[in-house]
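Chain by chain, the residues:
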Amino acid sequence: MLYKKEVDAMRYASMRDMDISNGSSVGVALFVQGCSFHCDGCFNIETWDVNGGYDWNDDSKKEFFNALEKPYIKRCSILGGEPLHQANVQEVLSLCKKVKEQYPNKTIWLYTGYQFEDIWLPENSVTNANFDIKRGLRNDILKYIDVLVDGRYVKELRDITLPFRGSSNQRIIDVQKTLQEQKIVLFEAET
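Residues numbered from 1 in each chain as written. Predicted model: local features only at pLDDT ≥ 70, side-chain atom pairs only at ≥ 80, totals over all residues. Heavy atoms only, no water.

Engineer: An account of the overall build of the protein chain is needed here, citing residue identities and associated values.
Structural biologist: A count of helices and strands for the protein chain gives 5 helices and 7 strands. The linear arrangement of helices and strands in the protein chain, starting from the amino end, is β-β-β-α-β-α-β-α-α-β-β-α. On C-alpha atoms alone, the protein chain measures out to a radius of gyration of 16 Å, which is about the 16 Å that the 2.2 N^0.38 rule sets for 191 residues. The dimensions of the protein chain, computed from C-alpha atoms along their principal axes, are 40 × 40 × 35 Å. A burial count over the protein chain gives 47% of its 191 residues as buried. (Helix = DSSP H or I, 4+ residues; strand = E, 2+ residues; numbered from the N terminus. Rg over C-alpha atoms; globule rule 2.2 N^0.38 Å. Buried < 20%, exposed > 50% of the residue type's maximum accessible area, 1.4 Å probe, protein only.)

Engineer: How would you explain the nonpolar core if you had to name every residue and give the values?
Structural biologist: If you look at the biggest cluster of nonpolar residues, it comprises 41 residues, and the most contacted ones within it are Leu 30, Phe 64, Leu 68, Ile 141 and Ile 145. Looking at which element gives the most residues to this core, the answer is helix α2 (residues 89–102), with 6 residues. The residues touching Phe 64, leaving out its near neighbours within four places in the chain, are Met 15, Val 28, Leu 30, Trp 56, Cys 76, Leu 95 and Val 99. Ala 13, Phe 31, Tyr 111 and Val 149 belong to the second-largest nonpolar core, a separate cluster that totals 9 residues. (Core = buried A, V, L, I, M, F, W, Y, C linked by side-chain atoms within 4.5 Å. Contact = heavy atoms within 4.5 Å.)

Engineer: I'd like a rundown of the layout of surface pockets, residues and numbers included.
Structural biologist: Take a probe with the size of a water molecule and roll it over the atoms, and the empty space left behind shows itself. A volume near 680 Å³ is recorded for the largest pocket. Lining the largest pocket we find 32 residues, and of these Phe 43, Tyr 111, Tyr 153, Gly 166 and Gln 170 sit closest to its centre. By residue class, the composition of the lining of the largest pocket is 13 nonpolar, 13 polar and 6 charged. (1 Å grid on protein atoms, 1.4 Å probe; cavity = no way out; pocket = protein on both sides within 12 Å on 5 of 7 lines; lining within 4 Å. Points joined across faces, edges and corners; volume = space filled by probe spheres on them. Nonpolar A, V, L, I, M, F, W, Y, C, P; charged D, E, K, R; others polar.)

Engineer: How would you sum up the pattern of salt bridges? Please name residues and give values.
Structural biologist: Tallied over the entire structure, the rule returns 9 salt bridges. Where Glu 91 meets Lys 61, a salt bridge forms, and the shortest distance between an N and an O atom there is 3.5 Å. With Glu 91 in helix α2 and Lys 61 in helix α1 (residues 58–68), this residue pair connects regions lying 30 residues apart in the sequence. The exposure class of Glu 91 is partly exposed, given its relative accessible area of 23%. The residue Lys 143 makes a salt bridge to Asp 140 at a minimum N-O spacing of 3.4 Å. Owing to a relative accessible area of 53%, Lys 143 belongs among the exposed residues under this scheme. Salt bridges linked by common partners bring Arg 16, Asp 19 and Arg 75 together as one network. (Salt bridge = Lys/Arg side-chain N within 4 Å of Asp/Glu carboxyl O.)

Engineer: Tell me about the side chain of Arg 138, and name the residues and values.
Structural biologist: Relative to the assigned elements, Arg 138 resides in helix α4 (residues 133–141). Engagement of the side chain of Arg 138 in a polar contact is seen with the side chain of Tyr 114, the distance being 3.1 Å. Setting aside residues no more than four positions away along its own chain, Arg 138 makes contact with Leu 84, His 85, Gln 86, Val 89, Tyr 114 and Ile 119. (Polar contact = N/O pair within 3.5 Å; in protein donor to acceptor, adjacent residues only side chain to side chain.)

Engineer: Could you give me a rundown of α2, with the residues and numbers involved?
Structural biologist: The end-to-end C-alpha separation of α2 is 20 Å, in line with the 20 Å expected for 14 residues at 1.5 Å each. Of all the residues in α2, the buried ones are Val 89, Val 92, Leu 93, Leu 95, Cys 96, Val 99 and Lys 100. Considered in projection along α2, the buried side chains sweep an arc of 165° and stay on one side of the axis. For α2, the secondary structure elements touched by its buried residues are β2 (27–32), α1, β4 (75–80), β5 (107–111) and α4. (Expected span 1.5 Å × (residues − 1). Arc of directions from axis to C-beta.)

Pasting the structure below:
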């Protein structure tokens, strides 16, 4: 599949203002455009093209935050496509920061094909020689999100009995506990 030149500004495929499938509790889900992973069996192929979907502009941001301000909304989920794609990472960082500032008690879930270890830069590990600006932005996002569903979808590992993910290789990580303990801590859903 050929795509036009990649864009610099984030675009989105859809928004759900009453989402119950992409995280615990009732939330708002934002599906961003753009993904380079192209997982076999992906159910969101239409989100691969960074030029597809709709402009992420002042009107769409307002719609997103209006949906998020409702008291019964407990979380927002950002998925796609790939939220950490180079065309999205700067805006996703801004969005996560703003959500945490305005709604500190709402949880942020982020779904990515990257593994946590490919995003996380342990303290004191950044040097000028190995610093990648996009990885730095991805790492900064971790400060604001609560739950990370990581890893690419693997068709052969598909398991419809698993909550909040499509294949058994994907992990649901409690990001803030992981950062605090400096080791992967899996998320435990409330019962």
